[in-house]
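# Fold and geometry: a report
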Protein chains: 2
Amino acid sequence: MSAIQKGDLLYEGKAKKVFLTSDPDLVIQEFKDSATAFDGTKKDTIASKGIVNNSISCAMFKLLESKGIKTHLVEKLDDRNMLVKRLDIMMVEVIARNIAAGSLVRRLGFTEGQILDPPIVEFFLKDDALHDPLINDQHAVHLKLASMDELNHIRTKAREINEIMKEYFLTLNLKLVDFKLEFGRHKGEILLGDEISPDTCRLWDVETGKKLDKDRFRFDLGDVEGAYQEVLKRVVGKEG
Amino acid sequence: MSAIQKGDLLYEGKAKKVFLTSDPDLVIQEFKDSATAFDGTKKDTIASKGIVNNSISCAMFKLLESKGIKTHLVEKLDDRNMLVKRLDIMMVEVIARNIAAGSLVRRLGFTEGQILDPPIVEFFLKDDALHDPLINDQHAVHLKLASMDELNHIRTKAREINEIMKEYFLTLNLKLVDFKLEFGRHKGEILLGDEISPDTCRLWDVETGKKLDKDRFRFDLGDVEGAYQEVLKRVVGKEG
């Protein structure tokens, strides 16, 4: 695997580039430092974010694999690059929530900090022009995003992943408030794709309640790099 | 029942007033001519709308009762007044859709006119300040709008009601595109409440495709009163 080389750029997103390789079943995810929020209207760079998010994502995918969750991770190649299985990505963003925050508060009138037990799982249409609207199962089927069986599968997986991650982050003194997942199809299987990082998870320090995630960037809370580094330090400390 | 008298005004909504009666289990719905759209930002009067909607609603509730659906209807009192069972209304708007139109096109990128088979049932939070956002089952439970059993019940009823209404309107040469339902609790049962009218249903003429519903008001399509009268004429013709 170590001889794998980056081929043509397949896709450039807001936080990552994806490159082809000589193996049609494998692609390389390169993590960038660029950060965007609010449908791309807020843009900046967070120093070393790509390095932090690649490391944390690899650690999380390994943890999940060890608990029986199938992910796209093949191996971490270097600081910013991750070799992954190529997915036919499902155009559904899956959000799991343990504590009310973000759009749940703004859109639906929940109180920030409200405990959600059992956790809420939501599906959103991945469509920037439509601002990633909330959808229900029947919308997803009629929009041909996924079959009902696939939706039930990823909802079940999201709940399993949530239990694993919630427990893990608690050992790092972090509350897993909510997080985003993306799934895709690969050789007849559905694998967890994308990344798991402070860009895609809300993480609050258990003792202080300090937000250690992208909300520091979104709402100009300061010490953005420090928060990402702090999460990495706790994850790596746990690994070591 | 004919001796029933209007008591104090209990509630005034955009299109109806609700009055107490001497019987604590019964209230009177009075249908107004006022029309609003887009969260109340567009307002006007549609001549005789209250009379039309009371008549159509009574006919629809009777039809549904005859097919085993439990509704709040007791009896039509006069042109504008309907005697109904008093409900503890659930703060969930239920929308059933056979053909894509309205918010499905604007919010989710469906093509107007796309056939939805099986029909889509959606839940919305009844909250003007939040612009009645789409919600999923778990939101509804955590917001204490309804239990999961109640949600499953009203979703099943919405599908049954849709089948009955779709078939009925077809006999009137009308396509039932979509419609809104509200349910409430009464003495341990869940009853269909509110109204069923061109204010709450999208109805398209089968031959011409002409919109015979509130969209004529929303989008200034002209001949608003005529459209409401046309639906009433077809419903009454069917009754006679």
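Given the structure is predicted, the values throughout are model-derived calculations rather than measurements.

## Examining the sheet that holds strand β2 (residues 16-20) of chain B
Residue and element names in this part refer to chain B.
- The strand order β1-β2-β3-β7-β6 describes an open sheet built from five strands, whose pairing is antiparallel. Looking at strand neighbours, the two that pair on one side only are β1 (9-12) and β6 (73-78), the edges of this open sheet. The mean angle between the axes of side-by-side strands here comes to 25°, regardless of whether they run parallel or antiparallel.
- Across five bridges, the pairing between strand β3 (residues 26-31) and strand β7 (residues 81-85) is antiparallel. The residue bridging V27 from the neighbouring strand is V84, located in β7.

## A closer look at the side chain of S55(B)
- One can find S55(B) in helix α1 (residues 49-66).
- If we ignore the near neighbours within four places in the chain, the residues touching S55(B) are K76(B) and L232(B).

## Quick word on the packing of α1(B) against helix α6 (residues 224-239) of chain B
Residue and element names in this part refer to chain B.
- Contact pair α1 / α6: the axes reach a minimum separation of 10 Å and the direction vectors enclose 35°. α6 is crossed by α1, and the crossing has left-handed handedness. In this structure, α1 uses K49, V52, N53, S55, I56 and A59 to contact α6, whose residues at the interface are Y228, Q229, V231, L232, V235 and E239.

## Observations regarding the packing of aromatic side chains
Residues and elements named next belong to chain A.
- The tally for this structure, following the rule as stated, stands at four aromatic pairs over all chains.
- Residues Y168 and F169 carry aromatic rings whose centres are separated by 5.4 Å and whose planes lie at 70° to one another, so their mutual orientation is edge-to-face. Neither Y168 nor F169 differs from the other in exposure class; each is buried.
- Positioned over the ring face of F217 is K42, at 5.3 Å from the centre of the ring.

## Some thoughts on the environment of K211(A)
Residue and element names in this part refer to chain A.
- Position of K211 among the secondary structure elements: in the loop between β15 (201-205) and α5 (215-218).
- Separated by 198 residues in sequence, K211 and G13 place their C-alpha atoms 25 Å apart.
- Residue contacts for K211: discarding those within four places in its chain leaves E112, L203, W204, R216, L221 and A227.
- A distance of 3.3 Å separates a polar atom in the side chain of K211 from a polar atom in the side chain of E112.

## Here we look at the packing of α1(B) against helix α4 (residues 148-171) of chain B
Residue and element names in this part refer to chain B.
- Taken N-terminus to C-terminus, the directions of α1 and α4 make an angle of 120°; their axes are 11 Å apart at the nearest point. Comparing the axis directions of α1 and α4 gives the class oblique. For the pair α1 and α4, the sense of crossing is right-handed. For the pair α1 and α4, the contacting residues are M60, L63 and L64 in the first and I161, I164, M165, Y168 and F169 in the second.
- Within the contact of α1 with α4, the residues separate by chemical class into eight nonpolar, no polar and no charged.

## Remarks on the state of the cysteines
- Applying the stated criterion across every chain yields a total of zero disulfides over all chains.
- There is no disulfide at C58(A), and the cysteine sulfur nearest it, in C201(A), is 14 Å away.

## Description of the domain arrangement of chain A
All names here are of chain A.
- Partitioning chain A into structural domains gives domain 1 (9-85) and domain 2 (88-223).
- Taking only C-alpha atoms into account, the centre of domain 1 sits 17 Å from that of domain 2.
- Facing 29 residues of domain 1, the contacting portion of domain 2 comprises 27 residues.
- Taking both sides of the interface into account, the surface hidden between domain 1 and domain 2 amounts to around 2500 Å²; carbon and sulfur atoms contribute 64%.
- On the surface where domain 1 and domain 2 come into contact, there are seven salt bridges.

## Some words on unusual backbone geometry
All names here are of chain A.
- Going from D117 to P118, the amide bond is cis rather than trans, its omega being 5°.
- Inspection of the secondary structure assignment puts P118 in strand β10 (residues 115-125).
- At K187, a position not held by glycine, the phi torsion is positive, near 50°.
- Here K187 lies in the loop between β13 (183-186) and β14 (189-192).
- The exposure class assigned to K187 is exposed, which follows from its relative accessible area of 64%.

Calculation notes
Residues numbered from 1 in each chain as written. Chains lettered and ligands numbered in written order. Predicted model: local features only at pLDDT ≥ 70, side-chain atom pairs only at ≥ 80, totals over all residues. Heavy atoms only, no water. Pairing = 2+ DSSP bridges. Helix = DSSP H or I, 4+ residues; strand = E, 2+ residues; numbered from the N terminus. Axes fitted to C-alpha atoms, helices over the stretch in contact; angles between N-to-C directions. Contact = heavy atoms within 4.5 Å. Left-handed = near helix turned anticlockwise from the far one by under 90°. Phe/Tyr/Trp six-rings, centres within 6.5 Å; stacked < 30°, edge-to-face > 60°. Buried < 20%, exposed > 50% of the residue type's maximum accessible area, 1.4 Å probe, protein only. Lys NZ or Arg CZ within 6 Å of the ring centre and 35° of its normal. Polar contact = N/O pair within 3.5 Å; in protein donor to acceptor, adjacent residues only side chain to side chain. Parallel < 35°, antiparallel > 145°, perpendicular 65-115°, else oblique. Nonpolar A, V, L, I, M, F, W, Y, C, P; charged D, E, K, R; others polar. Disulfide = S-S within 2.5 Å. Domains from an automatic or database assignment. Buried area = accessible area lost by both parts, 1.4 Å probe. Salt bridge = Lys/Arg side-chain N within 4 Å of Asp/Glu carboxyl O.

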